[in-house]
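# Understanding the architecture of this molecule
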Amino acid sequence: MGGIRFGADDLAQLRFAISPLWETVAALRAVADPGGHALHLPWIKRALALPRPALPAGLAVPAPRCPLAEFEEELSALDGPGGEALRAWWEAAVRPHWPRVRAVLEADLAHRTRQLAEDGIQEMLTRLHPNLRWTGERLESPELDRGELTLDGGGLTLAPSAFAARCVLLPGRPGTPPCLVYPARAVGLLWERGAAAGDGLARLLGRTRAELLTRTTTPSTTTALAAQTGLTPGAVSQHLAVLRDTGLVTGHRYRREVYYRASELGRSLLTGAA
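The following paragraphs examine the structure supplied in this document. Here, residues in each chain are numbered from 1, in the same order as that chain's written sequence. Residue-level local features of this predicted model are given only where pLDDT is at least 70; pairs of side-chain atoms are given and counted only at 80 or more, and the full residue set underlies all totals for whole chains, interfaces and linings. Excluding hydrogens and water, the side-chain values take into account all heavy atoms of the structure.

### Points about the pattern of salt bridges
We define a salt bridge as a contact between a side-chain nitrogen of Lys or Arg and a carboxyl oxygen of Asp or Glu at a distance within 4 Å. A full pass over the atoms with the stated rule returns 13 salt bridges. In this structure, Arg 133 engages Glu 140 in a salt bridge whose closest nitrogen and oxygen atoms are separated by 2.2 Å. Among the ionic contacts, a cluster of salt bridges with common partners joins Arg 5, Arg 133, Glu 137, Arg 138, Glu 140 and Glu 148.

So, in structure tokens, the structure goes:
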């Protein structure tokens, strides 16, 4: 049973991040094991036609340095061979779908930060994955195969992953704490072409606004909604403004982004339409 031991300072130093480098490596592993990643089969069927690089033995993806790192920034910190092969795989297999993947990861982060505010650190940690257990000062799981890790006061980074099938611990670096990667929520919706709104709701709001309302059942940014629907960010903003003015969605700023979520009235409308 592997575990992460926290000190008092470490709980105050928890942070969240998205790692495009880790997603690139995890996506490559998903293609190599389709049976273990059935949720990604629509994407895997297309990715199988692409040239796949061989990962160097013992490749260790480092923990992300900042919450919203770019792929090239993370790649520059990768030690050892394999960088060019990973860049080619990112460009061919992951980058074309990155806005969609990132939208799922951002929605997970919004959920976790809200859960942290409402239920506290310990509850949030144990809900990251069913196999995680909090024992008072130690987060443990049979999936953590690095034995016992004692944090040094610098905290821990938490990173949701669309392609991870289990929790994984990424090693830290000087000035960068280790990172716990965990499977993100709602990955089953990742490759859906679109959630069709009910005809009645579409007649009431218009099909585009009805679809946007449907997609804000989890917090979403304008950029993410544009990537999911094929609309321009400007068009999404205009429709969201109408939905917000009518009380169907609310907007909450988190760092540099505004996350939109269906209000209680909007969710009631969706429930009635369903």
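### With respect to the nonpolar core
Residue types Ala, Val, Leu, Ile, Met, Phe, Trp, Tyr and Cys, when buried and joined through side-chain atoms within 4.5 Å, form a set referred to as a nonpolar core. For each residue, the accessible area found with a 1.4 Å probe, counting protein chains only, is set against the maximum for its type, and the residue is called buried under 20%, exposed over 50%, and partly exposed in between. Formed by 57 residues in total, the largest nonpolar core has its most connected members in Trp 43, Trp 89, Leu 158, Phe 163 and Leu 180. To qualify as a helix, a DSSP run of H or I must reach at least 4 residues; to qualify as a strand, a run of E must reach at least 2; elements of each kind are numbered from the N terminus. A per-element tally of this core places helix 2 (residues 20-32) first, with eight residues. If we skip the residues at most four places from it in the chain, Leu 158 touches Leu 14, Arg 15, Phe 16, Ala 17, Met 124, Leu 125, Leu 128, Leu 180 and Tyr 182. Formed by 15 residues, the second largest nonpolar core is a distinct cluster that contains Leu 201, Leu 205, Leu 212 and Val 236. Here, two residues are considered to be in contact whenever any of their heavy atoms come within 4.5 Å of each other.

### A few points about the packing of helix 9 (residues 207-215) against helix 10 (residues 222-229)
Relative to each other, helix 9 and helix 10 sit at 120°, their axes nearing to 11 Å. Relative to helix 10, helix 9 is oriented oblique. Viewed along their axes, helix 9 and helix 10 form a crossing whose handedness is right-handed. Where helix 9 abuts helix 10, its residues Glu 211, Leu 212 and Arg 215 lie against Leu 225, Gln 228 and Thr 229. In this classification, Asp, Glu, Lys and Arg are treated as charged, Ala, Val, Leu, Ile, Met, Phe, Trp, Tyr, Cys and Pro as nonpolar, and every other residue, Gly included, as polar. A breakdown of the residues in the contact of helix 9 with helix 10 according to their chemical character gives two nonpolar, two polar and two charged. For helices, the axis comes from a line fit to the C-alpha atoms of the stretch in contact; other axes are also lines fit to C-alpha atoms, and the angle between any two N-to-C directions lies between 0 and 180 degrees. Oblique is the label for every angle not falling under 35 degrees (roughly parallel), over 145 degrees (roughly antiparallel), or within 65 to 115 degrees (roughly perpendicular). For any pair of crossing helices, the crossing counts as left-handed if the nearer helix is rotated counterclockwise from the farther one by less than a right angle, and right-handed if it is rotated clockwise.

### Description of the side chain of Glu 106
You can see Glu 106 is positioned in helix 6 (residues 98-119). The buried category is assigned to Glu 106, whose relative accessible area is 6%. Not counting residues up to four positions away in its chain, the partners in contact with Glu 106 are Ile 18, Thr 221, Ala 224, Glu 257 and Tyr 259.

### Observations concerning helix 11 (residues 233-245)
For an α-helix, the turn length of 3.6 residues means that residues three or four places apart are oriented alike. Between its first and last C-alpha, helix 11 extends 18 Å over 13 residues, near the 18 Å set by a 1.5 Å rise per residue. When helix 11 is considered as a whole, its buried residues turn out to be Val 236, Leu 240 and Leu 243. One face of helix 11 carries all of its buried residues, which in axial projection span an arc of 55°. Seen from the buried face of helix 11, the exposed residues on the opposite side, beyond 90 degrees, are Gln 238 and Asp 245. The inward-facing, buried residues of helix 11 contact helix 9, helix 10, strand 9 (249-254) and strand 10 (257-262). Among the residues trailing helix 11, Gly 247 stands out with phi positive, at a value near 80°. The span you would expect from a helix comes to 1.5 Å times its residue count less one. By arc we mean the arc of the directions from the helix axis to the C-beta atoms, nothing more.

### Considering the sheet that holds strand 8 (residues 179-183)
Here, any two strands with at least 2 DSSP bridges between them count as paired. Taken in spatial order, the four strands make up an open sheet running 2-6-8-7, and their pairing is mixed. The open sheet has two free edges, formed respectively by strand 2 (15-16) and strand 7 (168-170), since each of these has just one partner strand. Strand direction decides the pairing type here: strand 2 and strand 6 (residues 157-161), joined by two bridges, are parallel. Each residue of the ladder has a partner; that of Phe 16, found in strand 6, is Leu 158. Relative to strand 6, helix 2 is tilted by about 45°, and along the sheet it contacts strand 6, strand 7 and strand 8.

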